[in-house]
Amino acid sequence: MEKKHINPDSKSLRIVLICMCAILAVMMYIKNRHQNQYKEIAKLPFYNISVSNVEDGTYHGKTYTSFQHIQLDVSVKDHKITKIDIIENEGSYGQKVAPIIDEMILQNQSVVTAIKGDEIASILFIICVDDALKNGDPTFVAPVTNDSSNIIDTKSGLMPKIN
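Starting afresh in each chain, residues are numbered from 1 along the sequence in its written order. The model is predicted, so local features are restricted to residues of pLDDT at least 70 and side-chain atom pairs to those at 80 or more, both for listing and for counting; the totals for chains, interfaces and linings are taken over all residues. For the side-chain quantities, the full set of heavy atoms in the structure was used; hydrogens and water were omitted.

A. The arrangement of the sheet that holds strand β3 (residues 80–91) in detail. With antiparallel pairing, the three strands of this open sheet are ordered in space as β1-β2-β3. What marks the edges here is a single partner per strand, and that holds for β1 (57–64) and β3. For this sheet the average axis-to-axis angle between neighbouring strands, irrespective of direction, equals 15°. Strand pairing is defined by DSSP finding a minimum of two bridges between the two strands. Put simply, DSSP marks the helices as runs of H or I at least four residues long and the strands as runs of E at least two long, and each gets a number from the N terminus on. Here strand β2 (residues 68–77) runs beside β3; their pairing, made up of 10 bridges, is antiparallel. Across the sheet, the residue bridging to Val 74 is Ile 84, located in β3. Contacts are assigned to residue pairs with any non-hydrogen atoms lying within 4.5 Å of each other. Where helices are involved, their axes are fitted lines through C-alpha atoms of the stretch in contact, as for all axes, and angles between N-to-C directions lie from 0 to 180°. Lying on the sheet, helix α3 (residues 119–134) is in contact with β1, β2 and β3; it crosses β2 at an angle near 50°.

Now the structure itself:
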């Protein structure tokens, strides 16, 4: 049996190499895009408001990034989150976010475990609920530094910190 040798000038080899380069370029683009999105999220204000300080009422929160717009109404009664209504959820993330909203109500806090596979939307919804809760906290005073880097691992830029 005769061995076949690959001709380095063959058309099929060039096509395979071009496809491999294209796939590698797409993978690098996606990784870079996610890192940039985490960096943008890390600059958003985050206060970690305690529901025990929030008065009864419904409070509006909003979080806007270059890739996602979120607006929520958060209802609080007797220092408990009773309802979270999604007013706006425009962008490329957040279609699987219902479990995180349920978890926030169940745990009565804005910071909950991120949804695996939808970490970016999870963080944005956490920040948005926190923004709404601050509107109902009469003791709230914005600190000098108020970014969300305390819930995001900005070194790797890829995974949220889970408290």
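Next, the rest of the story.
B. Structural context of the packing of helix α2 (residues 98–107) against α3. Remark: α2 packs on α3, axes separated minimally by 10 Å, with the N-to-C direction vectors making an angle of 40°. As the angle between them shows, α2 and α3 are arranged oblique. Viewed along their axes, α2 and α3 form a crossing whose handedness is right-handed. Between α2 and α3, the residues in contact are Ile 100, Ile 101 and Met 104 and Ser 122, Phe 125, Ile 126 and Val 129, respectively. Of the residues contributing to the contact of α2 with α3, the split by class is six nonpolar, one polar and no charged. We call two directions roughly parallel when the angle between them is under 35 degrees, roughly antiparallel when it is over 145, roughly perpendicular when it lies between 65 and 115, and oblique otherwise. Crossing handedness is defined as follows: a turn of the near helix away from the far one that is anticlockwise and smaller than a right angle gives a left-handed crossing, while the clockwise case is right-handed. Classification convention: Asp, Glu, Lys, Arg as charged; Ala, Val, Leu, Ile, Met, Phe, Trp, Tyr, Cys, Pro as nonpolar; all other residues, Gly among them, as polar.

C. Looking closely at the confidence of the model for the protein chain. Of the residues in the protein chain, 83% have a pLDDT of 70 or more, and the chain-wide mean is 84. Within the protein chain, the element-level pLDDT minimum falls on helix α1 (residues 11–42), averaging 87, and the maximum on β1, averaging 96. Every residue is assigned a pLDDT by the predictor, reflecting its confidence on a scale from 0 to 100.

D. Broad picture of the pairing of β2. Along β2, seven of the 10 residues are buried, which leaves the element largely enclosed by surrounding structure. Pairing between β1 and β2: eight bridges, direction antiparallel. Counted as the bridge partner of Tyr 59 is Val 74 from β2. Under the scheme applied here, a residue whose accessible area is under 20% of the maximum for its type counts as buried, over 50% as exposed, and between as partly exposed, the area being computed with a 1.4 Å probe on protein chains only.

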